[in-house]
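Architecture and fold: a report
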Amino acid sequence: MIINKVSCQIDSANQNQWPFNVPAVRQIIEKGFKFTKPVTFLVGENGSGKSTIVEAIAEAYGLDAHGGRAGRKFVNDRPKTPLGEVVELHYTPIWAKRFASPRSRKGYFLRAETAFGFMSFVTGLPGYWEENVMEMSHGEGFLTVLNTMFSDPGLYLMDEPEAALSFSSCLRLIALIHRLATIGGQVICATHSPLLTALPGSEIIELGPHGIERVPWKETSLVNHWRRYLEDPDFYLRYILNEEE
Ligand SMILES: Nc1ncnc2c1ncn2[C@@H]1O[C@H](COP(=O)(O)OP(=O)(O)OP(=O)(O)O)[C@@H](O)[C@H]1O
Ligand SMILES: [Mg+2]
C-alpha cells in the first residue's frame, strides 16, 4: 500500500459548490476515506464522482489529470482541478520516506478519454514506448501502453481502462493489475466493468447519492444489473423500448 487514506479540508463557504457538493466528495471532506487493499475499484452511475476523485488523487500525487506518467508532467502549467488543489494523500511510512520528492514518485494515470491523443504525442519519447501506437487498433495501442508502463511498484490510476478493451484484453489487464499489486504497487481504478472488479483481493467502493460505500462484488448494482441483463435482456428492454415509442 502506498496511500492509505485521502482527506480534504475546505473553506465552509465552498461546500455547496462543485465538486464539494458531490456526495462522494462530501464524504471525503467529512470523514476522509481509508484504502485497505492494494487494488481499489470505484464504481457507480455516470456522474457519481469517480473521475473527479481519481483525477484529484492523480494531481495530488504529481500526475497530470489528463493522463501520463509520474515525475514528468505532460503539461506542467495546467491549473489543477478544484479537488486536486485541496485533497491530501496520506502515505504509508515506507512510501512517505521513498517519495519525499515528487520527482521520485512512480506511477501512471491511464485515462481512457484522453489516452489516444496523449499516446500519439509521447510515442518514442524517452521513458515511454517505442512502438508506433498510431498504427495499432485502439485496444492494441492500449495494451502496448499497459505492458510498458505498468511495471514498477508505484501508484497506478485508471479511469475506465476497459473502454477500448475486448473481453480477453480485459483479462490481460486484470493480470497486469494483479501483478502490480503483488510487486507492492497500488491501483485505484474507476470502472463500469463487472469483469475487472471481480479481481480477488480487491476492494470495491460504490459511489452514489449516499456517498461512498464498500460493497462486495456480488452485491454491487453493476454486477446485479449485468447478471439480470445477460440472463434476460428483455426484462430491461421491454421498458426501455416501450418508453421510446
Ligand atoms: N468541470 C466541471 N464543472 C462542474 N461540474 C462538473 C465538472 N466536471 C464534472 N462535473 C459534475 O460532477 C459530477 C461528477 O462527475 P464525474 O465526471 O466525476 O462522474 P463519473 O462518476 O466519473 O461519471 P462517468 O461514469 O460518466 O465517467 C457530475 O454531476 C458532473 O456533471
Ligand atoms: Mg468518469
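In what follows, the accompanying structure is described. Everything numeric here is computed off the predicted structure, so don't read it as measured data.

Across its full length, the protein holds 9 helices and 10 strands. In summary, the protein has a C-alpha radius of gyration of 18 Å against a globular reference of 18 Å for 245 residues, a match within 12%. By its C-alpha atoms, the protein is 55 × 50 × 35 Å across when sized along the principal axes. Within the protein, the fraction of its 245 residues that count as buried is 47%. When contacts within the protein are restricted to residue pairs at least 6 apart in sequence, those whose partners lie at least 24 apart make up 71%.

It is at 11 Å that the axes of helix α6 (residues 138-149) and helix α7 (residues 167-182) come closest, and there the two elements cross at 10°. Our classification of the angle between α6 and α7 gives roughly parallel. Two secondary-structure elements touch here, α6 through Leu143, Leu146 and Asn147 and α7 through Ser169, Arg172, Leu173 and Leu176. For the contact of α6 with α7, the per-class residue count stands at 4 nonpolar, 2 polar and 1 charged.

Here we come to the pairing of strand β1 (residues 3-8). With 5 bridges connecting them, β1 and strand β5 (residues 87-91) associate as antiparallel partners. Opposite Ile3, over in β5, you have Tyr91 as the bridge partner. Two elements, β1 and strand β2 (residues 33-34), share 2 bridges in a ladder whose sense is antiparallel. Pairing of Val6 across the sheet is with Phe33, part of β2.

Calculation criteria
Residues numbered from 1 in each chain as written. Chains lettered and ligands numbered in written order. Predicted model: local features only at pLDDT ≥ 70, side-chain atom pairs only at ≥ 80, totals over all residues. Heavy atoms only, no water. Helix = DSSP H or I, 4+ residues; strand = E, 2+ residues; numbered from the N terminus. Rg over C-alpha atoms; globule rule 2.2 N^0.38 Å. Buried < 20%, exposed > 50% of the residue type's maximum accessible area, 1.4 Å probe, protein only. Contact = heavy atoms within 4.5 Å. Axes fitted to C-alpha atoms, helices over the stretch in contact; angles between N-to-C directions. Parallel < 35°, antiparallel > 145°, perpendicular 65-115°, else oblique. Nonpolar A, V, L, I, M, F, W, Y, C, P; charged D, E, K, R; others polar. Pairing = 2+ DSSP bridges.

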